[in-house]
Every structure is written in structure tokens, then in C-alpha cells.
Amino acid sequence: MNSLRLALLCLLLAVNSWAQGTRTWELTKYDEFEKGTAHGVAITSDGTLTLAPAFEALYTSPSSYLWSLAADARGNVYAAAGSPARVYKLTPDGKASIIFAPQELQVQAVVVDGGGAVYAATSPDGKVYRIVHGGPSGKTPEGTHPVAEVAVAQEGAKPAPAGETPRTSVAVDSSYSSSVFFDPKTKYIWALALDPKGQLYVGTGDRGQIFRLDRGGNGSLFFQSDEAQIRALDFDNAGNLIAGTDGSGLIYRISPQGEGFVLYSAPKKEITAIAVDSLGNIFAAGAGEKRGPAPPAPGSSLPTAGTVISMPAITIGPPGAAVATGGASAPPFTTIPYPNVTNLSGSEVYRISPEGSPKTIWSSREDLVYALAFDEGGRLLAGTGNRGKTYVIRGSQYTDLAKASANQVTAFVRAPRGGLYAATSNLGKIFLLGPNTVKEGTYESDVFDAKSFSKWGRFEVRGSGGFDLFARSGNVDNPDRNWSQWKQVNLQRDLPVDAPPARFVQWKAVLHPGTQPPVLDSVTLNYLPKNVAPDVEDVTVLVGFRVPQGAHTEPLSSTANNYEAPVPAIRDKHSIVVKWKAHDDNDDTLRYDVYYRGDREARWKLLRDGVDERFVNLDSDVFPDGGYTIRVVASDAPSHSPEETLTGEAVSPRFEVDNTPPHIELLNAKLEGNQVHLTFRAADSFSPIKRAEYSIDAGDWQMAEPVGQISDYKIENYDFFVPIPGTNAGDSKTAAVTAGKGATAAEEHTIIVRVYDRFENMGSDKMVIKAAH
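Residues numbered from 1 in each chain as written. Predicted model: local features only at pLDDT ≥ 70, side-chain atom pairs only at ≥ 80, totals over all residues. Heavy atoms only, no water.

## Thoughts on the pattern of salt bridges
- Overall, the coordinates contain 29 salt bridges when judged by the stated rule.
- Linking Lys-389 and Asp-400 is a salt bridge whose minimum nitrogen-to-oxygen distance equals 2.9 Å. With Lys-389 in strand E33 (residues 389-394) and Asp-400 in strand E34 (residues 397-403), this residue pair connects regions lying 11 residues apart in the sequence.
- According to the relative accessible area criterion, Lys-389 is buried, its value standing at 6%.
- A residue is classified by how much of its surface remains accessible, and Asp-400, at 7% relative accessible area, is buried. (Salt bridge = Lys/Arg side-chain N within 4 Å of Asp/Glu carboxyl O. Helix = DSSP H or I, 4+ residues; strand = E, 2+ residues; numbered from the N terminus. Buried < 20%, exposed > 50% of the residue type's maximum accessible area, 1.4 Å probe, protein only.)

As C-alpha cells, then:
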């Protein structure tokens, strides 16, 4: 019987130590799910997890940046790259080779015409090159240069510098040759676009010009913008050229005759990408904050929406012909995206309807859009940095679709067998997105910190289709540091989590394809923190101050980093304010009791109980003169039963209260000639005398020094001479004149003395003296 009672008692104590309100950790919103790690799982903006399209890395190039992609009819994909500048060819069977290696720093854009010729634009001070295959005979066309003349025989032969990812070795395809197709004599070439007639449009920078080239490379200035940079080009369904600029974020519609019309002046300064859907809607991405209007070219004005610009046809000669130059300007900020750089206030995506009405349909403060494209289903995809994410944007809804193992997704192009090729920078890779979904997707939640040692209950999951749930726990915030193993959660039997009690916990969902697609809408974990006593610290006592009426302190949270807004205090000689800091790791509601104890006293006496705020105002008059300490006890009783309540406490530094003013003794004053000889004693029962002052005949108060000059005792003696107002001490002639007038005021003087102790208590006395007759 005794052993049974002992067992029941131990069980009761164990239950009591855990018994406080059950809490929940819930993930049901996009912002909550986004903090986790998804592999093959898409996160929708309305807060659901679904299977994502397959996202497979096909090739890692030796270049750091891939800027543009193009594909030919045979399924080959071509990538424009920088650092080093290259054009890579990736065949449908995954074989990569270099087909172009210029001397410039970047190959910025690439397109392929219907005959298989590749056009590549370089920067800075670049040109447009035409790259062709040598043909079956292996001979290169006249006037062209084999790629082997400018490229190394083998890429990646040198070891990568320490700390960098090793570069993939790639062969040079010497059957390709290149020639200068067009030299615009501009600083930058940002974009290329081919129309159905095979005419090539070249968007350039530092003078904002667009050139149009025929199949032979003969070019003309097609359009002159007032902006410095033409950053993006595409065609609408009517054959008009759509161009986006950097500077004022303008989106132009330019007719085949070269007449420009500003469709939209975006809130952002740079248009980084353009795409047009089958219905004629124009989608554009903007980035960068405007800092006032961009300066127009000399003699021109900045166009606004609706402005029509007509350009004369200016013929440009063959490659190498001179073009008139103008003032150069700085390149757009998206030129070279380095990892982890600031995103310059994020990005926006705009939709311009066929009627011309613009609307912002997506924005992000964290992601910068580099590329826009449409998948086979007509959904708009946005490739972003600097987190390497690809989004699907549908109206006001969006989906975090895939995350690349690189910092920026910079380009898309249709894959011949379905899906999209995607290019990235930092690292320079080529991926295939889709067309099929992944065979299995996993999602790991962010690590949850319960703030204290906790027991884990059961999961409440809302979803459909096939998925499994796993959980693990640990006592450090890094799961790789000796956490428990993943254990599957038995959702069918509704059992508690098979994870040991700890401070941190994490869950993982594995989604499986099936006749009903898996969808996970909400995951909630019930848990029970072990009750922890509250902490009280920094008890401060301010004598002669009080907190004004109406002031209050906000409830503290364990996630608030112990920051507390300062409690205001104003001077009040008859008050004492006691302030303290306190927190509870369980985020329990706290109540406070305040006690005091005088010097040489053993028992604490209660001053206030059940205090809600973290301060109290006290009346100093209830404290006799002396030294005291304050004790503040915090209790989590409002959140627990009496048996489960825990307390914490702290004691203030010693402080002193002195409400008794000093007094003046032995005040004596004598007239000696034209001076008053003044003597008195100041005494205080508790604190030293701070200062003494005197006034004669209601004159200004004057400081008086004690005998010995230093005022540091409870009793101080004063003995000094002062001149009578209106006379000059020692001047007998003045005194005689004064006496001869017979004025009554000169025969009587009122002397007032006041003294202060260190607590600004004040005592005073006065004396009237008369001149002897």
C-alpha cells in the first residue's frame, strides 16, 4: 500500500510540473510555409502545399552568369554567358560544348533564326555576332573565324580557386565559326529579338537606341528613346515591338514603321523583362526605386504615357560603319547579379491589357525579377533572385514553384519536348522545369522553438491526397546537432508525436502523386511546455519621483528579446517610484507583490500585492528616515492553479529616505561697523548638510560656507562677515552719510538663513538686528 501511494504521489508531481495550458504551433499561411525548405513542393499564396513540376539541373557551366537562352528546331539550347564570356550549346541528350568565345566580358543575349544561325550580343563595347555551323564538309564560311581561334582548347582544365565550386569541363566545338554581323558602336547591347520575317532587332544602351537588321546584316536606326537603356524586347500579337527601358521604367509599343507609343510609365525605374500572352496582354517586370525623373537627351523632353514618337529611317552601313555618338550613362543595376546583394526595394510585375490599362499584379520586397515566360498551360512564370526562386503568377494569386541551386533565375526558353529550360547565375546552370510533376516531393518546416522544455502531443492536419508526416526534436536550434531521428506520425490512429520532449521540434511532409493530387492546407502541433518560474531583474528605486497617471507597461513576450519601453517618471518630492523588469519563458501572465525592509530589520513587510504593472508609486511620507531595500515577487498564478504556481523575485539596491528637514541652532547676528557678523549651527538627524544660504533685507540668496569650507557632516558650524546692503564695508565716510540721514531702515535689518540636507529637505530661521543708539 505504501509503495502504491508513493507511485501515485510521483505521478501527481510529474503531472503538476507539466500541467499548464496546452499550446499549438500552426502553419497555414504562405509566410509561415515559406520559412521551410521545399524539394519538389510548391507553396501557393493562399497557404497550401502541392507537388511541383520536376526541376532538374542539366548542366553546370564554367561561367558564373547565364544571361539568355534560345532553342532551335532540333531541340538544342544555347546559353549566353559571362565570366567567362561564352555561348554554350546543350544538345537534347545533355552534351555541352562551347560554340563561341569572344574577347568581350559578357555575352548578354542570344537568339536563333529559322535556319539555325545563332546571333549573340556582347557587352561592353560589344557587337552582334553571327555563329554558324561549318556544314558536313567541315569548311567554315568565308569571312568567319573558327571558335577554336578564340577559345581555349578545353574549359575547366585549371583547378577552381579555394572555396569555389569546381567548374564543369566542357569541350570546344570547332565546327562552329563566328563573324561580326553588326556593330552598333554603343556601350551596351541588352536584348535581341527576331520577327517572323527574320529581321533582327537590337536593344542597346547608353543612348537608348533600337536597331533593325535585315538577313544580310544591314542595319538602320529603328527607334530612338529618350531613355538611356533599352533593357527588354518582345513582340505583341499584332507584330509591334514592345520595349522596356531603364531610367524611368517606360514600356513602349513601337509599330513596324518605328512609331513609338508609351504604354506605361512604371513605378520602378527599370523594366527587366517583358512577355506577351496569346490574348495580347503585356506583362512586364520592374525593379529599382526612381529618384526623380531621368534626364532627357539634349534638346528633348521626357515622354509620358500616350506620347507618339516617329523616327526617320537612318541607314547604317555594313559592320564597322560609324554611328554618331552621344553622352554615355551608367548601366542598369541588374547588369551583374552578385549573390546576397541588396534587391533595391524588390520587384513588381505589371499587366497591360490589350486596351492599354495597366495593373500591378505581383510585388515582392525580397525578390528581384530577371525573366518572364509562359509555360505550356499559359501560366506566367517569373524567374527571380537573389534566392533563386521561380514563381507562377495567376491574377492576384501566385505560387512559389521551384528553387534553383543558384542565386538568380535569369532566363527561360521553351523545351522541344515540353517544359521550359531555365538559366541561372551564381552559379551558371541550365535546368529543365517540367513538363511532368516530381515523383515525390518533400517539405521540411522551419525549426520551431517552444522557448522551454516541452512535451509533444498530436498533429492536426488538414489536407487531401497522399502524404506522410514525420517529426523530430532536439535541444539545440540546429537539427544536424544530435537531434532525434525522423519518426513517422500515425495520422490514421491519431496518436501523439513519437519524439522525445525537448525545446525544439520540426516536421516533414512527403507528398506522393496519385489519382487525387496531394494538397496540404494546414498543420498544427499541440504541445505542453514545462512550467518555468518567472524572472525578475533590475529593480530600480527612484526617490523623489513618480510615474504619471495613465502610464502603463505592455505585457512581455518571450520573443521580445527582453526589450521594454522605458517607463516615464516625473519629479515629486513626496513620492517614490519602484520599477522592475520581468519575463516568463512560458509567456504566462504575471502578477507582482512588492515588499520592503528597513536597515537592521529581519522581516519583509508587504507594501502592494496583485500589481499588474511593472512599477508602483509609493508615498515617501510613510517611510521613517532611514535606509531600505525593496523586494519584488513575480507570480504566474493567473495562468496556473495554486498547486502549479511558480514565483521569481529580485531585491533592489539599498536606498535612503529622509523626510525630516534640518534645523538651525544658535543663530546670532551683530552689526560691526558696516558689516554683519553672522554665526549659526545647522543640524540634521539623518543626512549631511548639503548647503546653506542667507538673505539680508529680502535681498538675493547668497551661499554661505561652513567653518572648514567642506559640507559633509550632519552638523555644520557657520561664522562669517557680510556687508550691509547699500554700504561698502570699511567705508566710514559712506556710513557717516547714512547715519546723518537718520533713516529708520538703516537702523534695522532682517536676516534669514536656510539650510538643505542631501535630500533637499529645507529648514530656515530669521533674526532682526537693530543699530545701537
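## Re the environment of Tyr-694
- For Tyr-694, the location among the structural elements is in strand E54 (residues 689-696).
- Distance in space between the C-alpha atoms of Tyr-694 and Val-755 is 8.8 Å, their sequence separation being 61 residues.
- Ignoring sequence-local partners within four residues, the contact set of Tyr-694 consists of Leu-678, Asp-700, Trp-701, Gln-702, Met-703, Ala-704, Phe-720, Val-722, Ile-752 and Val-753. (Contact = heavy atoms within 4.5 Å.)

## Topic: the environment of Asp-636
- Within the secondary structure, Asp-636 sits in the loop between strand E49 (626-635) and strand E50 (647-651).
- Exposure remark for Asp-636: the relative accessible area of 0% places this residue in the buried category.
- Here the alpha-carbon distance between Asp-636 and Arg-591, two residues 45 residues apart in the chain, equals 6.6 Å.
- A polar atom in the side chain of Asp-636 sits 3.2 Å from the side chain of Asn-531.
- A polar atom in the side chain of Asp-636 sits 2.8 Å from the backbone nitrogen of Leu-646. (Polar contact = N/O pair within 3.5 Å; in protein donor to acceptor, adjacent residues only side chain to side chain.)

## What about the side chain of Thr-390?
- With respect to the helices, strands and loops of the structure, Thr-390 is situated in strand E33.
- Filtering out sequence-adjacent residues up to four positions away, Thr-390 remains in contact with Leu-381, Ala-382, Gly-383, Thr-399, Asp-400, Leu-401, Ala-402, Val-409, Phe-412 and Leu-433.

## Points about the nonpolar core
- By size, the foremost hydrophobic cluster in this structure holds 43 residues, and its most contacted members are Val-349, Leu-372, Trp-456, Phe-459 and Trp-507.
- Ranked by the residues each element gives to this core, the list is headed by strand E42 (residues 502-512), at 5 residues.
- Filtering out sequence-adjacent residues up to four positions away, Phe-459 remains in contact with Leu-469, Ala-471, Val-489, Leu-491, Asp-494, Val-497, Trp-507, Val-523, Thr-524 and Leu-525.
- Within the second largest apolar cluster, 21 residues are counted, among which are Ile-576, Trp-580, Val-616 and Ala-634. (Core = buried A, V, L, I, M, F, W, Y, C linked by side-chain atoms within 4.5 Å.)

## Quick notes on the environment of Gly-356
- Tracing the backbone shows Gly-356 in the loop between strand E29 (347-352) and strand E30 (358-364).
- For Gly-356, a relative accessible area of 27% corresponds to the partly exposed category.
- Expressed as a C-alpha distance, the spacing of Gly-356 and Asn-281, which sit 75 residues apart in the sequence, is 8.8 Å.

## What to know about the pairing of strand E36 (residues 420-425)
- For E36, the buried fraction is high: 6 of the 6 residues fall into the buried class.
- Residue alternation in E36 divides its side chains into two sets, Leu-420, Ala-422 and Thr-424 and Tyr-421, Ala-423 and Ser-425, and both sets are buried.
- Bridge count for strand E35 (residues 408-414) against E36 is 6 bridges, and the pairing is antiparallel. Each residue of the ladder has a partner; that of Val-409, found in E36, is Thr-424.
- The loop that links E35 with its antiparallel partner E36 comprises 5 residues; one of these, Gly-418, has a positive phi angle of about 105 degrees.
- With 4 bridges joining them, E36 and strand E37 (residues 429-437) adopt antiparallel strand pairing. The residue bridging Ala-422 from the neighbouring strand is Phe-431, located in E37.
- Between the end of E36 and the start of E37, which pair antiparallel, lie 3 residues, with Asn-426 showing a positive phi angle near 50 degrees. (Pairing = 2+ DSSP bridges.)

## Some points on the sheet that holds strand E45 (residues 570-583)
- On the basis of which strands lie adjacent, the open sheet formed by 3 strands has the order E44-E45-E48 and antiparallel pairing. Strand pairing shows two members of the sheet lacking a second neighbour, strand E44 (535-546) and strand E48 (615-619), which therefore form its edges. Across the sheet, the axes of successive neighbouring strands diverge by a mean angle of 20 degrees, strand direction being ignored.
- Across 5 bridges, E45 lies against E48 in antiparallel orientation. When the sheet's bridge partners are listed, Val-577 is paired in E48 with Asn-617. (Axes fitted to C-alpha atoms, helices over the stretch in contact; angles between N-to-C directions.)

## Overview of unusual backbone geometry
- The residue after Ser-83, namely Pro-84, is reached through a cis peptide bond having omega 0 degrees.
- Structurally, Pro-84 is set in the loop between strand E7 (77-82) and strand E8 (86-90).
- Pro-435 follows Gly-434 through a cis peptide bond whose omega is 0 degrees.
- Mapped onto the elements of the fold, Pro-435 is located in strand E37.
- Its identity as a non-glycine residue notwithstanding, Glu-760 has a phi of 65 degrees, on the positive side.
- Residue placement: Glu-760 occurs in the loop between strand E57 (748-757) and strand E58 (762-770).
- Glu-760 sits in the partly exposed class, given a relative accessible area of 35%.

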